[in-house]
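Residue strings, one per chain:
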Amino acid sequence: MSKTMKALVLRGGKAAIERRPIPRAGPGEVVVRTTAASLCSADAACVSGEFPTPDGTVLGHEAVGVVHEIGSLVSGFSVGRRVTAASTTPCGQCANCQRGFSGHCGGSAWGGYTFGVSRDGSLAEYFTVPFAEHNLVPIPDGVTDAAAVCVPDTIASGSTGPEAARFPLGGTVVVFGQGHIGLAATMAARALGVGLVVTVKARPGGEALAQTVGADRALNLAEHDVETEIRQLTAGAGADCAVEASGVAESFARAVAVTRLGGVITVLSSYSGPDDASLSIPLARWGWGIGDKTILSTFQRSGSERLGRLLRLVETGRLDPTPLVTRRYVFDDSERALADLAAREPGHIKPLITF
Ligand SMILES: [Zn+2]
Ligand SMILES: [Zn+2]
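Note that the coordinates shown come from a computational prediction; the quantities given were computed from them, not determined experimentally.

S.K.: So what exactly am I meant to see when it comes to the sheet that holds strand E10 (residues 217–220) here?
M.R.: Each strand in a sheet pairs with its neighbour through backbone hydrogen bonds, running either in the same direction (parallel) or in the opposite one (antiparallel). The six strands lie next to each other as E10-E9-E8-E11-E12-E13, forming an open sheet whose pairing is parallel. Either end of the sheet is taken by a strand with one partner, and the two such strands are E10 and strand E13 (294–297). On average, adjacent strands in this sheet sit at an angle of 20° to one another, irrespective of strand direction. As judged from the five bridges shared by strand E8 (residues 172–176) and strand E9 (residues 196–201), these two strands associate in the parallel manner. Bridging across to E9, Val175 finds its partner in Thr199. The strands that helix H8 (residues 226–233) touches are E8, E9, E10 and strand E11 (239–244); relative to E10, the one it contacts most, it runs at about 160°.

Below, the structure written as structure tokens:
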């Protein structure tokens with residue numbers, strides 16, 4: 001058997017396929033033979049340098065496969081089992097992990113996100129899952145690779161906003177942004193029992209996809225007076241919850257504005273800017289500081305227990321991420337898959353890369 005594999009590696013500001021040794025499982029690790037993977041804007045950010053990533057790092061954090069080698073301290077898995085791994089790979093043991101905030105593993109805001117950034121990722125024929133008992137999860141038999149590959153990041157991240165908001169059954173949710181995270185938030189809101197889901201994009205387009213995954217009304221800022229229309233849809237009150245998944249600072253203010261008194265705003269975005277940059281809150285629409293509006297800043301809730309619950313939603317058909325897979329590639333074409341995603345063509349959401 002060959003001792004080397006192909007891997008998509010960051011080298012000199014570009015991503016290219018190189019040959020690397022097949023990794024060996026350390027005591028707490030599992031090595032997975034990859035069967036499918038996907039990409040997202042975070043991979044493009046590693047290549048562009050927006051996320052500082054060392055030269056020589058294997059990219060990727062969204063993959064499925066079968067167990068190849070099991071570390072001596074890992075139990076609960078057998079060789080050949082279909083699995084996927086959390087896209088953030090926290091230790092599960094540090095103070096922030098034990099407090100339930102594994103995204104901030106080790107103490108920094110991005111601390112849990114190490115796969116393909118500060119350690120080798122999963123865009124390779126084999127990849128290593130660290131802290132495997134915390135981060136590795138079996139895939140139910142009825143769940144396809146195309147569906148399962150959307151779970152570790154897209155669904156896990158996008159569902160965190162609606163899940164954290166604890167909105168009332170039958171309530172109204174507005175989702176700002178309809179990239180893969182916003183679309184997943186839309187799906188999760190429907191699965192969690194929202195009565196009315198309104199999506200908001202900057203420009204027209206993508207309405208059919210938003211409605212396929214759960215939007216009752218698909219609005220855009222170019223053609224709609226969004227705040228007025230949401231008030232009309234909610235008898236003047238505003239939404240129970242707004243999920244901000246666009247990453248645009250102005251949408252944060254809009255999310256506060258469209259949320260009713262006592263409602264919840266959950267932020268699924270990270271905003272870029274200098275250290276002294278600020279977000280603004282529209283004072284009157286915030287209830288002048290006494291509006292009982294809760295602003296939650298969230299990062300992906302992760303871990304094998306939660307991923308198992310999300311996979312169950314897919315297995316039982318309550319949540320179907322496959323409409324998000326808009327292009328297919330073989331692994332040898334993964335450089336092109338990354339370039340196509342970075343070009344941000346309208347209508348292209350997730351690539352499926354098969355091995
Ligand atoms: Zn991702
Ligand atoms: Zn930790």
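The rest of the description comes next.
S.K.: How do you make sense of the coordination of the zinc ion (ligand 2) when you look at a structure like this?
M.R.: Ideal values differ by geometry: the angle at a metal is 109.5 degrees with four tetrahedral donors, but 90 or 180 degrees with six octahedral donors. Coordination of the zinc ion (ligand 2) by the protein involves Cys91 (SG), Cys94 (SG), Cys97 (SG) and Cys105 (SG), with metal-donor separations of 2.3 to 2.4 Å. Viewed at the metal, the four donor atoms of the zinc ion (ligand 2) are separated by angles of 103 to 117°, and the geometry they form is tetrahedral. The sequence pattern describing where the donors of the zinc ion (ligand 2) fall on their chain is C-x2-C-x2-C-x7-C.

S.K.: Please clarify how the packing of helix H5 (residues 151–165) against helix H6 (residues 180–191) should be interpreted in this entry.
M.R.: One can describe the packing of H5 onto H6 by two numbers: an axis separation of 7 Å at closest approach and a directional angle of 60°. Compared by their axis directions, H5 and H6 come out oblique. Of the two possible hands of crossing, H5 and H6 adopt the one that is right-handed. Here Asp153, Thr154, Ile155, Ser157, Gly158, Ser159 and Pro162 of H5 come into contact with H6, specifically with His180, Ile181, Ala184, Ala185, Met187, Ala188 and Ala189. For the contact of H5 with H6, the per-class residue count stands at eight nonpolar, five polar and one charged.

S.K.: Where do I start with the domain arrangement of the chain in this structure?
M.R.: Accessible area lost during the coming together of the parts is what is often quoted as the interface size. Here the chain is described as being made up of domain 1 (4–150 + 321–354) and domain 2 (156–297). Taking the mean C-alpha position of each, domain 1 and domain 2 sit 29 Å from one another. Taken together, the contact between domain 1 and domain 2 spans eight residues of the former and eight residues of the latter. When the two sides are added together, the surface that domain 1 and domain 2 hide from each other amounts to roughly 660 Å², 78% of it contributed by carbon and sulfur. Among the residues domain 1 hides against domain 2, the three largest losses belong to Pro323, Leu324 and Ile349. Together they make up 59% of the total. Where domain 1 meets domain 2, there are zero salt bridges. The tally of links between domain 1 and domain 2 comes to zero residue pairs in polar contact (both at pLDDT 80 or more). When grouped by side-chain class, the residues that make up the side of domain 1 that touches domain 2 number six nonpolar, no polar and two charged.

Calculation criteria
- Residues numbered from 1 in each chain as written.
- Chains lettered and ligands numbered in written order.
- Predicted model: local features only at pLDDT ≥ 70, side-chain atom pairs only at ≥ 80, totals over all residues.
- Heavy atoms only, no water.
- Pairing = 2+ DSSP bridges.
- Helix = DSSP H or I, 4+ residues; strand = E, 2+ residues; numbered from the N terminus.
- Axes fitted to C-alpha atoms, helices over the stretch in contact; angles between N-to-C directions.
- Contact = heavy atoms within 4.5 Å.
- Donors = N, O, S within 2.8 Å, 3.2 Å for Na, K, Ca; no water.
- Tetrahedral: all angles 85-135°; square planar, octahedral: opposite > 155°, others 65-115°.
- Parallel < 35°, antiparallel > 145°, perpendicular 65-115°, else oblique.
- Left-handed = near helix turned anticlockwise from the far one by under 90°.
- Nonpolar A, V, L, I, M, F, W, Y, C, P; charged D, E, K, R; others polar.
- Domains from an automatic or database assignment.
- Buried area = accessible area lost by both parts, 1.4 Å probe.
- Salt bridge = Lys/Arg side-chain N within 4 Å of Asp/Glu carboxyl O.
- Polar contact = N/O pair within 3.5 Å; in protein donor to acceptor, adjacent residues only side chain to side chain.

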